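# Fold and geometry: a report
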Amino acid sequence: MSKPKKFQTLKGFRDILPEHQKFWNFVFEKVKDIAQDYSYQKIDTPILESAELFERTVGQTTDIVEKEMFVFKDKGGEKVTLRPEMTAPVARAYIEHGMISWPQPVKLWYWGPVFRYDRPQAGRYRQFYQFGFEVLGGSSPDIDSQLIIMSNHLYKSFGLDVEVQINSIGCPGCRKEYIKSLTKFLKDKKLCADCRRRLSVNPLRILDCKEKKCREAVSEAPQIIDSLCEECRDHFVKVLEGLDESEVVYNLNPFLVRGLDYYNRTTFEFYLSDEEVASQNALGGGGRYDYLVEQLGGRPTPAIGFAGGVERVVLKIKEKGIKIKDQTQADVFVAQLGEEAKKKCLKLFNDLRKEGIKVRESFSKKGLTEQLERANQMKVKYTLILGQKELLDGTIIIRDMESGIQEIVDFEKVIPEIKKRILGVNGGVKIYSESAPSKS
């Protein structure tokens, strides 16, 4: 008889194991905290959406639509896709749920998996997680500045030293003239096959190409910032003034266009200060998309957003050796000897938990040595030990796991005593060095 097949994760997918969760929890809590500080409301959109939603908004000639979407037909024959990004679904939700009638601007944040069929590499997977912020219904450059400032604060809260690459790609009006001059400049340059085709259908995408010869070709190309109309130039200047006022470190990058067709005016990306500026190194980015909602059938709605990659942040936190406190770390372990002690400890465990004390147990183990080993593995500060003698005396032992010193306290007073210890207050009880519980 042949052995059953051993299954593994698909290429580009992975399990996030328990030992990594403290990093993910840390990032999530920081994102949630800053979203609440800036009055963003959380939104969750479906993982599966109509493929047309992204084909129409992200752009037919972008790498995402051309090469990276997981597209298939469902059982009803509809062409659907696993979402490759989050902004278009948020815009769809804004229209579908009548958020235009809400007080404007509407500020939303999200966290969840997205899917792109790309070549897996460090920090990049075919299923990866994004956090992001979207502001719909506001055109002021102050909104752009605040979103960048907020995102900058967020990366700093992770312990990462970052700088912003920023550009303006103007509006459809002033971009038209720039595209003419860019096309003329690139006409005789050596480009990859994809960019030769893009030259006639979407030249701006060439500025975003990752191929070396294409990057070399555009290095001397005309700069879009020189083609901005007066209104777009004024908007960009005010965005930069807002960043200057808040002392945000940024670099003007005239070739930053981002990889999605719906962007206009402000575009920006975050990089570690000590890393090369290249698309594969970006921690996150965003930009203004003033025409997206209208493009999807809604009313004209100016908007801007930002999205960051969770895996990239976690990878850099680990590389930098940034210490993360494990929020699941317990302070107390409850150990017991005998059936009667176990019954009493079951209640004690829940009473401690109700008091907000992080407590752990291993009631399936009978021996004290095994339980103490488990407590050591969990790195708790204190272990509460209840044996037969303690049951008869109405006491319990508090063991300091670092020093090994054990103290006997009244069972009814153990919870307030433990709360004092965790808060660093001297409990004032008599110390019995290395006393041991009686075995039942």
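### Description of the confidence of the model for the chain
Summing up the model confidence of the chain, the mean pLDDT is 87 and the portion of residues at 70 or higher is 92%. Summarising per-element confidence for the chain, the mean pLDDT is lowest in strand 17 (residues 431–432) (35) and highest in strand 1 (residues 41–42) (97). Low confidence marks residues 425–440, where pLDDT is under 50. Its contacts with residues over four positions away, or in another chain, come to 39 contacts.

### Some remarks on helix 9 (residues 230–245)
Between the first and last C-alpha of helix 9 there are 22 Å, a value that for 16 residues agrees with the 22 Å anticipated at 1.5 Å per step. Residues of helix 9 that are buried: Cys-232, His-235, Phe-236, Val-239, Leu-240 and Leu-243. Buried positions in helix 9, seen along its axis, are confined to an arc of 130 degrees and lie on one side of it. With respect to the buried face of helix 9, the exposed residues turned more than 90 degrees away are Glu-230, Glu-231 and Glu-245. Where helix 9 is buried, its residues touch helix 5 (141–157), strand 7 (162–168), helix 6 (172–186), strand 8 (250–252), strand 9 (264–272) and strand 10 (284–288). Backbone geometry just downstream of helix 9 places Glu-247 in the positive-phi region, at approximately 55 degrees.

### Describing the state of the cysteines
Under the definition given, this model contains zero disulfides. Unpaired in this structure, Cys-232 has its nearest cysteine sulfur neighbour in Cys-229, at a distance of 3.5 Å. Overall, Cys-232 belongs to the buried group, its relative accessible area being 1%.

### Digging into the packing of helix 5 against helix 9
Their axes nearest at 8 Å, the elements helix 5 and helix 9 cross at an angle of 40 degrees. The angle between helix 5 and helix 9 falls in the class oblique. The two elements helix 5 and helix 9 meet at a crossing, and its hand is right-handed. Taking contact as the criterion, the partners of Pro-141, Asp-144, Ser-145, Ile-148 and Ile-149 in helix 5 are, on helix 9, His-235, Lys-238, Val-239, Gly-242 and Leu-243. Its residues placed into classes, the contact of helix 5 with helix 9 shows five nonpolar, three polar and two charged.

### Things to note about the sheet that holds strand 8
Strand order in this open sheet of eight strands is 1-5-6-11-10-9-7-8, and the pairing throughout is mixed. Each end of this open sheet is capped by a strand with a single partner; those strands are strand 1 and strand 8. With two bridges connecting them, strand 1 and strand 5 (residues 106–115) associate as parallel partners. Opposite Lys-42, over in strand 5, you have Trp-109 as the bridge partner. Sheet contacts for helix 1 (residues 21–37): strand 1, strand 5 and strand 6 (127–136); angle to strand 5, the most-contacted strand, approximately 160 degrees. Where helix 4 (residues 87–96) meets the sheet, its contacts fall on strand 5 and strand 6, and the angle it forms with strand 6 comes to roughly 45 degrees.

### Quick look at the packing of helix 1 against helix 11 (residues 310–319)
It is the contact of helix 1 with helix 11, at a shortest axis distance of 10 Å, that shows an interaxial angle of 115 degrees. For helix 1 against helix 11, the interelement crossing comes out right-handed. Of the residues in helix 11, those in contact with Phe-23, Trp-24, Phe-26 and Val-27 of helix 1 are Val-310, Glu-311, Val-313, Val-314, Ile-317 and Lys-318. Each residue belonging to the contact of helix 1 with helix 11 can be placed in one class, and the counts come to eight nonpolar, no polar and two charged.

### A word on the nonpolar core
Core analysis: the largest hydrophobic core is formed by 46 residues, its most contacted members being Leu-136 and Leu-207. It is helix 4 that provides the largest number of residues to this core, a total of five residues. When residues no more than four places from it in sequence are discounted, the contact partners of Leu-207 are Tyr-178, Leu-182, Val-218, Phe-255 and Val-257.

Rules used throughout
- Residues numbered from 1 in each chain as written.
- Predicted model: local features only at pLDDT ≥ 70, side-chain atom pairs only at ≥ 80, totals over all residues.
- Heavy atoms only, no water.
- pLDDT = per-residue confidence, 0-100.
- Helix = DSSP H or I, 4+ residues; strand = E, 2+ residues; numbered from the N terminus.
- Contact = heavy atoms within 4.5 Å.
- Expected span 1.5 Å × (residues − 1).
- Buried < 20%, exposed > 50% of the residue type's maximum accessible area, 1.4 Å probe, protein only.
- Arc of directions from axis to C-beta.
- Disulfide = S-S within 2.5 Å.
- Axes fitted to C-alpha atoms, helices over the stretch in contact; angles between N-to-C directions.
- Parallel < 35°, antiparallel > 145°, perpendicular 65-115°, else oblique.
- Left-handed = near helix turned anticlockwise from the far one by under 90°.
- Nonpolar A, V, L, I, M, F, W, Y, C, P; charged D, E, K, R; others polar.
- Pairing = 2+ DSSP bridges.
- Core = buried A, V, L, I, M, F, W, Y, C linked by side-chain atoms within 4.5 Å.

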